[in-house]
Amino acid sequence: MSLFENTLKQIVVDTINNFELEFYDLSELEEKKQKNAINKLLGSVHQHRFDLKTLPLYRYVLIKRADNEYLFTSVWHHIVADGAFLDNFVGFISKAYNA
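How each quantity is defined
- Residues numbered from 1 in each chain as written.
- Predicted model: local features only at pLDDT ≥ 70, side-chain atom pairs only at ≥ 80, totals over all residues.
- Heavy atoms only, no water.
- Helix = DSSP H or I, 4+ residues; strand = E, 2+ residues; numbered from the N terminus.
- Contact = heavy atoms within 4.5 Å.
- pLDDT = per-residue confidence, 0-100.
- Expected span 1.5 Å × (residues − 1).
- Buried < 20%, exposed > 50% of the residue type's maximum accessible area, 1.4 Å probe, protein only.
- Arc of directions from axis to C-beta.
- Pairing = 2+ DSSP bridges.
- Right-handed = clockwise from strand over helix to strand, strands pointing away.

Here we take up the environment of A37. Here A37 shows up in helix α1 (residues 31-46). Sequence-wise, A37 and L26 are 11 residues apart; in three dimensions their C-alpha atoms are separated by 7.9 Å. Non-local contacts of A37, meaning those with residues more than four positions away in its chain, are made with L26 and L29.

In structure tokens:
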């Protein structure tokens with residue numbers, strides 16, 4: 001959303017030029033410390049406050065737990081992700097994961 005001539009206008013972006021994926025390697029931590037670090041990190045990610053003036057309005061986070069074990073989470077501002085988007089996104093991720 002932006003103000004143009006004192007009128008609120010929605011701006012739709014066709015592409016995202018700078019896709020951001022946060023990556024955290026916690027594989028070297030012992031199990032208890034790793035669980036605590038993951039819980040703290042997930043709490044921080046899910047409590048993130050978005051600023052509508054600053055893109056992106058999403059966060060994608062990948063956490064490495066072990067050589068073949070990863071945890072993925074994502075958070076979007078409600079203005080950019082509705083139920084239909086989330087259904088499509090989860091379907092896309094599931095297909096990619098199972099390919």
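From this point on, the discussion continues.
This next bit is on the confidence of the model for the protein. Per-residue pLDDT for the protein averages 85, and the proportion of residues at 70 or more is 84%. Within the protein, strand β1 (residues 2-4) has the poorest average pLDDT of any element, 51, and α1 the best, 96.

All right, on to α1 then. Between its first and last C-alpha, α1 extends 22 Å over 16 residues, near the 22 Å set by a 1.5 Å rise per residue. Taken together, the buried positions of α1 are Q34, I38, L41, L42 and V45. All buried residues of α1 project into a common sector of 100° when viewed along the axis, lining one side. Exposed residues on α1 whose side chains face more than 90 degrees from its buried face are K32, K33, N39 and K40. The inward-facing, buried residues of α1 contact β3 (21-25), β4 (58-66) and β5 (69-76).

A word on the pairing of β4. Pairing of β3 with β4 involves 5 bridges; the strand directions are parallel. Residue pairing in the sheet places F23 in a bridge with L62 of β4. Crossover handedness for the path β3 to α1 to β4: right-handed. One ladder, built from 8 bridges, connects β4 with β5; its direction is antiparallel. Bridge pairing links L62 to F72 in β5. A loop of 2 residues connects β4 with β5, the two strands running antiparallel in sequence.

This paragraph deals with unusual backbone geometry. Here the amide bond leading from L55 into P56 is cis, since omega sits at 0°, within 30 degrees of zero. Its location among the elements puts P56 in the loop between α1 and β4.

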